[in-house]
Amino acid sequence: MAKLEGRKVLVTASAQGIGRASVLGFLAAGATVYATDINAALLAELPASDRLTTARLDVLDGAAVADFIAGIGPVDVLFNCAGVVHPGSILDMKDGDLDFAFDLNVKSMVRTIRAVLPGMIERREGAIINMSSVASSVKGVPNRFAYSVTKAAVIGLTKSVAADYVGHNIRCNAICPGTVESPSLQDRLKAQGDYETTRAAFIARQPIGRIGTPEEIADLAVHLAGATYTTGQAFAIDGGWSL
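Definitions and cut-offs
Residues numbered from 1 in each chain as written. Predicted model: local features only at pLDDT ≥ 70, side-chain atom pairs only at ≥ 80, totals over all residues. Heavy atoms only, no water. UniProt positions renumbered as here; feature names shortened; annotations may be inferred. Salt bridge = Lys/Arg side-chain N within 4 Å of Asp/Glu carboxyl O. Buried < 20%, exposed > 50% of the residue type's maximum accessible area, 1.4 Å probe, protein only. Helix = DSSP H or I, 4+ residues; strand = E, 2+ residues; numbered from the N terminus. Contact = heavy atoms within 4.5 Å. Polar contact = N/O pair within 3.5 Å; in protein donor to acceptor, adjacent residues only side chain to side chain. 1 Å grid on protein atoms, 1.4 Å probe; cavity = no way out; pocket = protein on both sides within 12 Å on 5 of 7 lines; lining within 4 Å. Points joined across faces, edges and corners; volume = space filled by probe spheres on them. Nonpolar A, V, L, I, M, F, W, Y, C, P; charged D, E, K, R; others polar.

- Naming follows an unreviewed UniProt entry, where the chain appears as 2-keto-3-deoxy-L-fuconate dehydrogenase of Ancylobacter amanitiformis.
- Taken verbatim from the UniProt record of the chain, the Sequence similarities (unreviewed entry) comment is "Belongs to the short-chain dehydrogenases/reductases (SDR) family."

Okay, here's the thing in structure tokens:
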């Protein structure tokens, strides 16, 4: 595990799932963590630590993002974890769904990255980690049009930021999970009507024979926070789904 003592880490969508597991992973690595989410009640359930600060933050609000980051000062590691999954093909999708997916899955990252970059440039060091998906430019997945389009955009965003700021010793990488246990996944499984059959189908498409855990994704996020010679990469972590 990377050693992150003395590092200030900002994580979005920290209240549950991968975000919550990542907060705990960064704390275990010695970092000082700012855990943010729109769900303040769930944030309050994170275990107390003198290196943890929780705060409600709506990443759709550019002014709120800028004000929050200005208030906490320079950030060493940014983990953009907020996102939304819309089901359906291009014919099923409403224009509003695509607009919202771009706003939350892509533009929220633009807001946070813009806010942290000046401090990273000044100190000539920083790590940015963006949540993408194998359902993107990595792999075509049925009935995930809006999600796949925006997660592909995250990979492009990541590579662009990496190319622009590598000379400032700022690294930007993307994590591309496959199917991961999360409250979001549970909601999608239940929405299909036959939970057990749908879950079995999700497991069957994983060559490794199981669904991933939030902790496994968090381990990769912590690694990338300290991987000082790695930038501009999109890391598939999907149990072999994209093979």
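## Structural notes on the pattern of salt bridges
Here is step 1: Applying the stated criterion across every chain, the model contains six salt bridges.
Here is step 2: Among the ionic pairs, R111 bridges to D103, the shortest N-O distance being 2.4 Å.
Here is step 3: Judged by relative accessible area, which is 17%, R111 ranks as buried.
Here is step 4: The partner of E216 in a salt bridge is R210, with the nearest N and O atoms 2.6 Å apart.
Here is step 5: Overall, the relative accessible area of 29% leaves E216 in the partly exposed class.
Here is step 6: A network of salt bridges, in which partner residues are shared, links R7, D76, R123 and E125.

## Here we look at the environment of S22
Here is step 1: Within the secondary structure, S22 sits in helix α1 (residues 17-28).
Here is step 2: With relative accessibility at 0%, the residue S22 sits in the buried group.
Here is step 3: Along the chain, S22 and K107 lie 85 residues apart, while their C-alpha atoms are 21 Å from each other.
Here is step 4: Not counting residues up to four positions away in its chain, the partners in contact with S22 are F79, A218 and A221.
Here is step 5: At a separation of 2.8 Å, a polar atom in the side chain of S22 contacts the main-chain carbonyl oxygen of I18.

## Comments concerning the layout of surface pockets
Here is step 1: Within this model, the largest pocket holds a volume of roughly 1000 Å³.
Here is step 2: What lines the largest pocket is a set of 43 residues, and nearest its centre among them are C81, G83, V84, V85 and S184.
Here is step 3: For the lining of the largest pocket, the secondary structure elements donating two or more residues are α1, β2 (32-37), α5 (145-165) and α6 (183-191).
Here is step 4: For the lining of the largest pocket, the element with the most residues is α6, which contributes five residues.
Here is step 5: Its residues assigned to classes, the lining of the largest pocket shows 23 nonpolar, 13 polar and seven charged.
Here is step 6: By volume, the second largest pocket is sized at about 210 Å³.
Here is step 7: Residue lining of the second largest pocket: V85, P87, V141, P142, R144, R188, A191, Q192, T198, F202 and R205, and that is the complete set.
Here is step 8: Going through the elements one at a time, α6 and α7 (195-204) are the ones with two or more residues in the lining of the second largest pocket.

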